[in-house]
Amino acid sequence: MRQLLILITLTLTLYGAQLLNENLYERENRVDLLLSLDRSFTGHVEKSQYGHKTTLMISDIMALDKRFFEGNQDFFSSLTLLPKADKVKIVINGKNEIKVSKTVDGHGVRIRI
């Protein structure tokens, strides 16, 4: 039993931070998605854009479930969060520029639309 616990702990440390929760904050002129993590974020972000669809691949974050958010603004229609092994893929349908930053404490990632 002890060996199994050690193996699970080592396996979790090989992957990035665990996604604890995600919160979507809608404002009049912007939308913020906050990803809260169990430890400091050390990964990187790859961004690609095709028309009004932007895809973000964020490394070193492990998520368990797919999430979907709908927007009520003319500049933001939807956001899909998809787990991909030790990455998270986020697909955003919107017209605004997208900025990604680490939170002050390092235990979160903010995506501003």
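The structure presented is a predicted model; accordingly, all values stated were derived computationally and were not measured.

A.B. asks: What should I look at first to understand the overall build of the chain in this one?
C.D. replies: Counting its regular elements, the chain contains 1 helix and 10 strands. Secondary structure elements of the chain occur, N-terminal to C-terminal, as α-β-β-β-β-β-β-β-β-β-β. Relative to its full complement of 113 residues, the chain shows a buried share of 37%. The long-range fraction of contacts in the chain, counting pairs at least 24 apart against all pairs at least 6 apart in sequence, stands at 50%. Just so you have it, the chain exposes about 7200 Å², and 51% of that area is on carbon and sulfur atoms.

A.B. asks: What should I look at first to understand the nonpolar core in this one?
C.D. replies: Within soluble globular proteins, side chains that are nonpolar tend to cluster in buried spots. One finds Leu-35, Ile-90, Ile-92 and Ile-111 to be the most contacted residues of the largest nonpolar core, which totals 23 residues. Breaking this core down by element, the ones donating at least two residues are β1 (17–26), β2 (31–37), β4 (53–59), β7 (76–84), β8 (87–94) and β10 (108–112). Here the element with the most residues in this core is β2; it accounts for 4 residues. Setting aside anything within four residues of it in sequence, one finds Ile-111 in contact with Val-31, Asp-32, Leu-33, Leu-35, Leu-56, Ile-58, Ile-90, Ile-92, Ile-98, Lys-99 and Val-100.

A.B. asks: What is the right way to read the sheet that holds strand β3 (residues 45–50) from this model?
C.D. replies: With respect to topology, 5 strands assemble into an open sheet ordered β3-β4-β8-β7-β6, the strand pairing being antiparallel. The open sheet has two edge strands with one neighbour each: β3 and β6 (67–73). The average undirected angle you get between the axes of adjacent strands in this sheet is 15°.

A.B. asks: Explanation requested: the pairing of β8 in the structure shown.
C.D. replies: Side-chain positions along a regular strand alternate between the two faces of the sheet. Across 7 bridges, the pairing between β4 and β8 is antiparallel. Residue pairing across strands places Met-57 opposite Lys-89, the latter belonging to β8. Relative to β8, β7 runs antiparallel, the two sharing 8 bridges. Note that in β8 the partner of Ser-78 across the bridge is Asn-93. The turn linking β7 back onto β8 is made up of 2 residues, and Ala-85 within it adopts a positive phi angle of 50°.

A.B. asks: How should I be thinking about the side chain of Thr-103 in this particular structure?
C.D. replies: If you trace the backbone, Thr-103 turns up in the loop between β9 (99–102) and β10. Reaching out from Thr-103, the side chain makes a polar contact with the side chain of Asp-105 at a distance of 2.8 Å. Other than its neighbours up to four places away in sequence, Thr-103 contacts Leu-34, Gly-108 and Val-109.

A.B. asks: Would you take a moment to explain the confidence of the model for the chain for this structure?
C.D. replies: It should be kept in mind that the predicted coordinates are not to be read in detail where pLDDT is low. Looking at the chain as a whole, the pLDDT averages 84, with 87% of positions reaching at least 70. Across the chain, the element-wise mean pLDDT spans from 53 in helix α1 (residues 2–14) up to 93 in β4.

Reading guide: rules and limits
Residue indices follow the written sequence of each chain, beginning from 1 at its first position. With pLDDT at 70 or above as the cut-off, local features in this predicted model cover only qualifying residues; side-chain atom pairs require 80 or more to be listed or tallied, and sums for whole chains, interfaces and linings still use all residues. Side-chain calculation: all heavy atoms of the structure are included, whereas hydrogens and water are not. Secondary structure elements are defined from DSSP: runs of H or I of at least 4 residues count as helices, runs of E of at least 2 residues count as strands, and each element is numbered from the N terminus. Relative accessibility decides the category of a residue: with a 1.4 Å probe and only protein chains considered, values under 20% of the type maximum give buried, values over 50% give exposed, and everything between is partly exposed. Every residue pair with non-hydrogen atoms within 4.5 Å of one another is taken to be in contact. Accessible areas in this description were obtained via Shrake-Rupley with a 1.4 Å probe; residue shielding takes into account the shown protein chains only. Put simply, a nonpolar core is a bunch of buried Ala, Val, Leu, Ile, Met, Phe, Trp, Tyr and Cys residues held in one set by side-chain atoms that sit within 4.5 Å of each other. Pairs of strands are assigned from DSSP output, requiring at least two bridges between the strands. Between the N-to-C directions of two axes lies an angle of 0 to 180 degrees, each axis being a line fitted to C-alpha atoms and, for a helix, fitted only over the stretch in contact. In the analysis that follows, any N or O atom pair within 3.5 Å is treated as a polar contact, provided that within protein one partner can donate a hydrogen and the other can accept it, and provided that, for residues neighboring in sequence, both atoms belong to side chains. Per-residue confidence from the predictor is reported as pLDDT, which spans 0 to 100.

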